[in-house]
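Here is how the chains run, residue by residue.
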Amino acid sequence: MKLKLYLKSTCFVLIVVGLLLGVRYVFKESSAHLQKVAIVTKGELDYISKPQIVDLIKPFQEDTWWELNVGDVTQAIKQYPGIKEIKVQKQWSDQLIVELTEYKPKAYWNSRNEILLEDKEVIAPKYFSGSMNLPIFYGDKNNIDTIENGYGRLQKVAVDNGFSVRDISFQGNQWQITLNTDVKVWLGSSRIEQKLLQLLQNYKSIEIPKGQKLATVDMRYHSGFAVGFKAAENDAQKG
C-alpha cells in the first residue's frame, strides 16, 4: 500500500517538474528576439530589394515572440511604394516570414528615375534590378491613360512592321516617338497610326547621304514628310 502511494507521489512530482521545465523552456524560447527574416516573393523583385525590406523590419527585431505584432510590421512595409500584396507570419520561435508581390511596372515616367505602375501610380524607387526593359513615357500625369493607350496603338503598328517604340511623348496635344532605330518621329495630333504606318512602309526607301544616318522624321505635313540626318557613329569616331 505504501509502495503504491510512493509511486503515485513520485509520478505526480515528476509530472509537475516536467510541466515546470516545459513552461520554462517555452518562455525562454519565446522571449528571444527576432533573429531570422525570410522574404518570399512571386517572381523576381524589380524595384524593391530584400535588404530594404529587412531594414523596414529592423525596428521590430527588439520585440519578443509574444510582443511582435504582425499587423504593425505589415503596415510598416506597406508604406514602401509599389507593394501590391503582403502577408506577414510569425514562425516559432524567432523567425518572421514575409510574402510580397509588386505592382507590375508599365513604363519609365519622364526619366529613368521614375516608374509608372499598373495601378497608375508613379514612384521613384531607390532600387532597380537592372532587368527592366521598359519604354519611357513623357507627359503630364493627367494624361497617363491617353499616353498608355497611344503607346499601345503605335507599338502595334511598329511591331507589325518590324520596329518598336522606345519612348513616347504627348505634350500640348502633340505626339512624338522614338523608334528602336534611334529615329525621332513627330506625328502631330491626329491620324497618328496612319502617319506612322506611312513612314514605316517607306522607311527603307529613304535616301540617306553617305556618312550620315537618319535622325528625325516630321510627319506633320498634309502630304509626304521631312527628314533630318546626323553623322553616322563610325564616321564621327574617325573624325
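Residues numbered from 1 in each chain as written. Predicted model: local features only at pLDDT ≥ 70, side-chain atom pairs only at ≥ 80, totals over all residues. Heavy atoms only, no water.

1. Section: helix H5 (residues 192–202)
All of the buried residues in H5 are Ile192, Lys195, Leu196, Leu199 and Leu200. Projected onto a plane normal to the axis of H5, the buried residues spread over an arc of 130° and lie on a single side. Its buried side turned inward, H5 meets helix H4 (144–160), strand S9 (174–179), strand S10 (184–188) and strand S11 (212–218). (Buried < 20%, exposed > 50% of the residue type's maximum accessible area, 1.4 Å probe, protein only. Helix = DSSP H or I, 4+ residues; strand = E, 2+ residues; numbered from the N terminus. Arc of directions from axis to C-beta. Contact = heavy atoms within 4.5 Å.)

2. Looking at the pairing of S11
In this sheet, S11 lies alongside S10 in parallel orientation, the contact comprising 3 bridges. Counted as the bridge partner of Val185 is Val217 from S11. Sheet topology places S11 next to strand S12 (residues 226–231); 6 bridges connect them, and they run antiparallel. In the sheet register, Gln212 faces S12, and the bridge partner there is Ala231. (Pairing = 2+ DSSP bridges.)

3. Re the packing of helix H2 (residues 50–57) against helix H3 (residues 70–78)
It is the contact of H2 with H3, at a shortest axis distance of 9 Å, that shows an interaxial angle of 130°. One finds that H2 runs oblique with respect to H3. Crossing of H2 against H3: the hand is right-handed. Taken together, the residues of H3 that come into contact with H2 (itself represented by Ile53, Leu56 and Ile57) are Val73, Ala76 and Ile77. Considering only residue class, the contact of H2 with H3 consists of 6 nonpolar, no polar and no charged. (Axes fitted to C-alpha atoms, helices over the stretch in contact; angles between N-to-C directions. Parallel < 35°, antiparallel > 145°, perpendicular 65-115°, else oblique. Left-handed = near helix turned anticlockwise from the far one by under 90°. Nonpolar A, V, L, I, M, F, W, Y, C, P; charged D, E, K, R; others polar.)

4. Details of the nonpolar core
Judged by nonpolar contacts, the single largest core of 30 residues is most densely connected at Ile168, Ile177, Val185 and Leu187. Only strand S4 (105–109), H4, strand S8 (165–171), S9, S10, H5 and S11 provide two or more residues apiece to this core. If you tally residues by element for this core, the top one is H4, at 6 residues. For Ile177, the contacting residues outside a window of four places in its chain are Leu154, Val165, Asp167, Ile168, Val183, Lys184, Val185, Leu187 and Leu196. Ile57, Leu68, Leu100 and Ile123 belong to the second largest nonpolar core, which has 25 residues in total. (Core = buried A, V, L, I, M, F, W, Y, C linked by side-chain atoms within 4.5 Å.)

5. Quick notes on a nonpolar patch on the surface
The grouping of Ile208, Val227 and Phe229 at the surface amounts to a nonpolar patch, some 220 Å² of accessible area in total. Its location among the elements puts Val227 in strand S12. (Patch = residues over 30% accessible without salt bridge, like charges linked within 9 Å, V, L, I, M, F, W, Y side chains within 5 Å. Areas by Shrake-Rupley, 256 points an atom, 1.4 Å probe, with all protein chains shown as cover. Salt bridge = Lys/Arg side-chain N within 4 Å of Asp/Glu carboxyl O.)

6. Regarding the packing of aromatic side chains
Where two aromatic rings form a pair, the distance of their centres and the angle of their planes describe that pair. By the definition in use, this model includes 3 aromatic pairs. Look at Phe137 and Tyr151: their rings are 5.2 Å apart centre to centre, the planes differ by 55°, and that puts the pair in the tilted class. One end of the pair, Phe137, is in strand S7 (residues 136–139); the other, Tyr151, is in helix H4, with 14 residues separating them in the sequence. Residues Phe137 and Tyr151 agree in their burial class; the two are buried. Here Phe170 and Trp175 contribute two aromatic rings whose centre-to-centre distance is 4.4 Å and whose plane-to-plane angle is 40°, an arrangement assigned as tilted. Each member of the pair, Phe170 as well as Trp175, carries the same accessibility label: buried. (Phe/Tyr/Trp six-rings, centres within 6.5 Å; stacked < 30°, edge-to-face > 60°.)

7. Observations concerning the environment of Ile53
Relative to the helices and strands, Ile53 is located in helix H2. Residue Ile53 is classed as buried on the basis of its relative accessible area of 0%. Distance from Ile53 to Ile39, taken between C-alpha atoms, is 8.2 Å for residues 14 residues apart in sequence. Each residue touching Ile53, except ones within four places of it in the same chain, is listed here: Ile39, Ile48, Ile77 and Leu100.

8. A look at the confidence of the model for the protein chain
Per-residue confidence for the protein chain gives a mean pLDDT of 84; residues scoring 70 or more make up 81%. Here residues 20–31 is a poorly scored stretch, pLDDT under 50, and it has 8 contacts once near neighbours within four places are set aside; other chains count. Note that pLDDT drops below 50 for residues 235–239; the model gives that stretch 2 contacts with residues more than four away or on any other chain. (pLDDT = per-residue confidence, 0-100.)

9. Observations regarding the packing of H4 against H5
Between two packed helices, the angle of one axis relative to the other and the distance separating the axes together describe the packing. One way to put it is that H4 packs onto H5 with a least axis distance of 10 Å and a crossing angle of 20°. When the axes of H4 and H5 are compared, the pair comes out roughly parallel. Viewed along their axes, H4 and H5 form a crossing whose handedness is right-handed. Contacts between H4 and H5 involve Arg153, Leu154, Val157 and Ala158 from the former and Ile192, Glu193, Leu196, Leu197 and Leu200 from the latter. A per-class count over the contact of H4 with H5 returns 7 nonpolar, no polar and 2 charged.

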